[in-house]
Amino acid sequence: MREHAFTVPLREQWGEGIVSFPAGSDLDLDVRLESVHEGILVSGTADGTYEGVCGRCLTEISAPVEVEFQELFAYPGEEETDFEVQDDHVDLETLVRDAAVLSLPFQPVCQPDCPGLDPITGERLATSTGAETAAPIDPRWSALQQIADQGSAEDTRAPENTEES
């Protein structure tokens, strides 16, 4: 059994969504290699930082991610396997890339309660100017709006004197 810890710079971008691991960023690997009867069992963790944009408000985000992986690299033989030992070496790039890219969030957000963008103005709702805009009223509810307007108009009239003198 052998354990190794090293940092690998990424030669190309990993991931194609709205967040990814950019080219040139570093990935920290802690790897444990164990000799077993069928081949070499590789297990470990990869730590990196993804970058991209928030899925709701489109601001730049960056967050750390830790991925665990484990795979058996089989000795070459008659059976086809996904990962094989080649010349007493194991190539971890495909294994680590697949685990890291699959760990990326599908809909990343800058904060858990990010309100997103205003559909009318396109401004970020989290940093709104404070000017509140009235929500548009569905025309199917306009009759109820008229009733509500009449009720508020009656409330604002001066109260009549009902007391007899």
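A quick note: this is a predicted structure, and the numbers were derived from the prediction, not measured.

Trainee: What is the right way to look at the overall build of the protein in this model?
Mentor: Helix and strand counts for the protein stand at two helices and five strands. Classification of the 165 residues of the protein by burial places 25% in the buried group. Long-range pairs, those at least 24 residues apart, make up 52% of the contacts in the protein between residues at least 6 apart in sequence. Counting only carbon and sulfur atoms, one obtains 49% of the accessible surface of the protein, whose full area is about 12,300 Å².

Trainee: Help me out: how do you make sense of a nonpolar patch on the surface in this one?
Mentor: Residues Ile137, Trp141, Leu144 and Ile147 make up a contiguous nonpolar surface patch of about 450 Å² in total accessible area. Its location among the elements puts Leu144 in helix α2 (residues 142-156).

Trainee: Looking at this structure, how should I read the environment of Glu66?
Mentor: You can see Glu66 is positioned in strand β5 (residues 60-74). Taking relative accessible area as the criterion, Glu66 reaches 52% and is therefore assigned exposed. The spatial distance from the C-alpha of Glu66 to the C-alpha of Thr49 is 8.7 Å, given a sequence separation of 17 residues. Leaving out residues up to four positions away in the same chain, Glu66 has contacts with Thr45, Ala46 and Asp47.

Trainee: Can you help me understand the nonpolar core in this one?
Mentor: Considering soluble globular proteins, one finds that nonpolar side chains tend to be buried as a cluster. One finds Phe21, Val42, Tyr50, Phe69 and Val96 to be the most contacted residues of the largest nonpolar core, which totals 28 residues. Elements supplying a minimum of two residues to this core: β3 (26-35), β4 (39-53), β5 and α1 (93-102). Per element, the largest residue contribution to this core is six residues, and it comes from β5. Not counting residues within four places of it along the chain, the set of residues in contact with Tyr50 comprises Val19, Ser20, Phe21, Ile61, Ser62, Ala63, Val65, Leu104 and Pro105.

Trainee: What is the right way to look at the pairing of strand β1 (residues 2-9) in this model?
Mentor: Regular strands place their side chains on alternate faces of the sheet. Little of β1 sits inside the fold, with zero of its eight residues counted as buried. Pairing geometry for β1 and β3, over eight bridges, is antiparallel. What sits directly across from Thr7, in β3, is Asp28.

Trainee: Just checking my understanding: could you explain α1 for this structure?
Mentor: Residues spaced three or four apart along an α-helix point in a common direction, a consequence of the helix completing one turn every 3.6 residues. Of the positions making up α1, those classed as buried are Leu95, Val96, Ala99 and Ala100. All buried residues of α1 lie within an arc of 115° about the axis, which places them on one face of the element.

Trainee: What is the right way to look at a negative patch on the surface in this model?
Mentor: A contiguous patch of negative charge on the surface is contributed by Glu3, Asp26, Asp28, Asp30, Glu66 and Glu68. Put simply, the parts of the chain that give the negative patch at least two residues each are β3 and β5. A per-element tally of the negative patch places β3 first, with three residues. Looking at where Asp28 falls in the secondary structure, it is placed in strand β3. The exposure class assigned to Asp28 is partly exposed, which follows from its relative accessible area of 37%.

Trainee: Sorry, what's going on with the confidence of the model for the protein here?
Mentor: Regions with low pLDDT carry predicted coordinates that are not meant to be interpreted in detail. Mean pLDDT over the protein stands at 84; residues scoring 70 or higher make up 84%. Mean pLDDT across the elements of the protein bottoms out in α2 (74) and peaks in strand β2 (residues 19-20) (94).

Reading the values: the criteria
Residues numbered from 1 in each chain as written. Predicted model: local features only at pLDDT ≥ 70, side-chain atom pairs only at ≥ 80, totals over all residues. Heavy atoms only, no water. Helix = DSSP H or I, 4+ residues; strand = E, 2+ residues; numbered from the N terminus. Buried < 20%, exposed > 50% of the residue type's maximum accessible area, 1.4 Å probe, protein only. Contact = heavy atoms within 4.5 Å. Areas by Shrake-Rupley, 256 points an atom, 1.4 Å probe, with all protein chains shown as cover. Patch = residues over 30% accessible without salt bridge, like charges linked within 9 Å, V, L, I, M, F, W, Y side chains within 5 Å. Salt bridge = Lys/Arg side-chain N within 4 Å of Asp/Glu carboxyl O. Core = buried A, V, L, I, M, F, W, Y, C linked by side-chain atoms within 4.5 Å. Pairing = 2+ DSSP bridges. Arc of directions from axis to C-beta. Lys, Arg positive; Asp, Glu negative; His and termini not counted. Charge placed at Lys NZ, Arg CZ, Asp CG, Glu CD. pLDDT = per-residue confidence, 0-100.

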